[in-house]
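As a plain string of letters, each chain reads:
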Amino acid sequence: MKRALQPWLARGIAPVLLLLCSLASVARADTPNWQDLSDSERQLLQRFEQRWEQFTPEQRTRLREGAERWTAMTPEERKRARQEFGKWQRLSPEQREALREAYTRFKALPPEQRKKIREARERFRQLPPERQRRLRERWRKMSPDQRQRFRERWRKRRGMSD
């Protein structure tokens, strides 16, 4: 019986093993090694050089993609990105976690709801700074119940639901 199974196992397992090996080599090929990076990427990512091999393939890919986005930015976009990153660094761990959770909820929304939220944010950004400040202050003074009622009214007006 054992001998009768061996050819079947060999025929059934060999293709699976070959497939797994080829997938592993493709995954390794997609994982950028330090020497595979361009000079500009290495310059941008130089602070990670000593730890590069410790990063997961996903982390390496994200870092490389970030470097590519950075080099594609205009000087004004880079300035704004530095300012936003500075704001992020000044947040407490609790604030960062709250923002991560909000972003996760945002990404889970249907595309049309995300679009409406982006449009509303852009309208807010177009307001004069003094008007933005007053609106932020008004929001801070609201109780949690008032904020919830405001959100519900806002969603209804824009045809959005939870």
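The paragraphs below set out a description of the structure included in this document. (Residues numbered from 1 in each chain as written. Predicted model: local features only at pLDDT ≥ 70, side-chain atom pairs only at ≥ 80, totals over all residues. Heavy atoms only, no water.)

1. Re the overall build of the protein chain
Worth spelling out the cut-off: By definition, any uninterrupted DSSP run of H or I lasting at least four residues is a helix, any uninterrupted run of E lasting at least two residues is a strand, and each is numbered from the N terminus. Only protein chains enter the accessibility calculation, which uses a 1.4 Å probe. A residue is then buried if its area is under 20% of the maximum for its type, exposed if over 50%, and partly exposed in between. Here, residues are in contact when the closest pair of their heavy atoms is within 4.5 Å.
Tallying secondary structure elements over the protein chain gives eight helices and zero strands in all. When the helices and strands of the protein chain are placed in sequence order, the string is α-α-α-α-α-α-α-α. A burial count over the protein chain gives 12% of its 162 residues as buried. Partitioning the contacts of the protein chain with sequence separation of at least 6, the portion at a separation of at least 24 is 31%.

2. Observations regarding the nonpolar core
Keep this limit in mind: We define the nonpolar core as a collection of buried residues of types Ala, Val, Leu, Ile, Met, Phe, Trp, Tyr and Cys that are connected through side-chain atoms lying within 4.5 Å of one another.
Counting residues in each nonpolar core, the largest one holds seven residues, listed as Trp34, Leu37, Leu45, Phe48, Trp52, Phe55 and Ala67. Beyond its immediate sequence surroundings of up to four residues, Ala67 is in contact with Glu41, Leu44 and Leu45.

3. Points about the packing of helix H3 (residues 57–72) against helix H4 (residues 75–90)
Applied cut-off: Lines fitted to the C-alpha atoms define the axes, with helices restricted to the stretch that makes contact. Angles between their N-to-C directions range from 0 to 180 degrees. The cut-offs work like this: below 35 degrees is roughly parallel, past 145 is roughly antiparallel, 65 to 115 is roughly perpendicular, and the gaps in between are oblique. We call Asp, Glu, Lys and Arg charged. Ala, Val, Leu, Ile, Met, Phe, Trp, Tyr, Cys and Pro are nonpolar, and the rest, Gly among them, are polar.
Across the interface, H3 lies against H4 with an axial gap of 8 Å and an inter-helix angle of 130°. When the axis of H3 is compared with that of H4, the two are oblique. The residues of H4 that touch H3, namely those facing Trp70, Thr71 and Ala72, are Glu77, Arg78, Ala81 and Arg82. Its residues assigned to classes, the contact of H3 with H4 comprises three nonpolar, one polar and three charged.

4. Considerations on the pattern of salt bridges
Selection criterion: Take a side-chain nitrogen of Lys or Arg and a carboxyl oxygen of Asp or Glu: if they are within 4 Å of each other, that pair is a salt bridge.
With the rule as written, the count across this model stands at 10 salt bridges. A salt bridge links Arg64 to Glu41, with the shortest nitrogen-to-oxygen separation between them at 3.3 Å. With Arg64 in helix H3 and Glu41 in helix H2 (residues 39–44), the pair connects residues that are 23 residues apart, well separated along the chain. Owing to a relative accessible area of 24%, Arg64 belongs among the partly exposed residues under this scheme. Look at Glu41 and you get buried, because its relative accessible area is 6%. A salt bridge links Lys87 to Glu84; the nearest nitrogen and oxygen atoms lie 3.3 Å apart. Here Lys87 pairs with Glu84, and both are found in helix H4, just three residues apart, close to one helical turn.

5. Side note on a positive patch on the surface
What counts is decided by this rule: Patch definition: residues above 30% relative accessible area lacking any salt bridge, with like charges linked at up to 9 Å and the nonpolar side chains Val, Leu, Ile, Met, Phe, Trp and Tyr linked at up to 5 Å. All accessibility values rest on the Shrake-Rupley procedure with a 1.4 Å probe; residue burial counts only the protein chains present in the view. Note that His is not counted, nor are the chain ends; the positive residues are Lys and Arg, and the negative ones are Asp and Glu. Charge placement uses NZ in Lys and CZ in Arg. For Asp and Glu, CG and CD serve respectively.
Together, Arg131, Arg138, Arg149, Arg153 and Arg157 make up a region of like positive charge exposed at the surface. Elements with a minimum of two residues in the positive patch: helix H7 (129–141) and helix H8 (144–157). The leading source of residues in the positive patch is H8, at three residues. As for its placement among the helices and strands, Arg157 is situated in helix H8.

6. Focus on the environment of Arg114
Tracing the sequence through the fold places Arg114 in helix H6 (residues 111–126). For Arg114, the residues in contact, after removing those within four places along its chain, are Phe106, Lys107 and Leu109.

7. Focus: the packing of aromatic side chains
This is how it is decided: Here the aromatic set is Phe, Tyr and Trp, taking the six-membered ring for Trp, and pairing holds for ring centres within 6.5 Å; pairs whose planes are under 30 degrees apart are stacked, those over 60 apart are edge-to-face, and all others are tilted.
Applying the stated rule across the entire model yields four aromatic pairs. Measuring from centroid to centroid gives 5.4 Å for Trp34 and Trp52, while their planes differ by 70°, and the two rings are edge-to-face. Here Trp52 lies in the loop between H2 and H3 and Trp34 lies in the loop between helix H1 (2–30) and H2, a separation of 18 residues in the sequence. Aromatic pair Trp52 and Phe55: ring centres 6.1 Å apart, planes at 80°, arrangement edge-to-face. For Phe55, a relative accessible area of 15% corresponds to the buried category.

Note that every value here comes from positions in space, so none of it alone points to a role or purpose.
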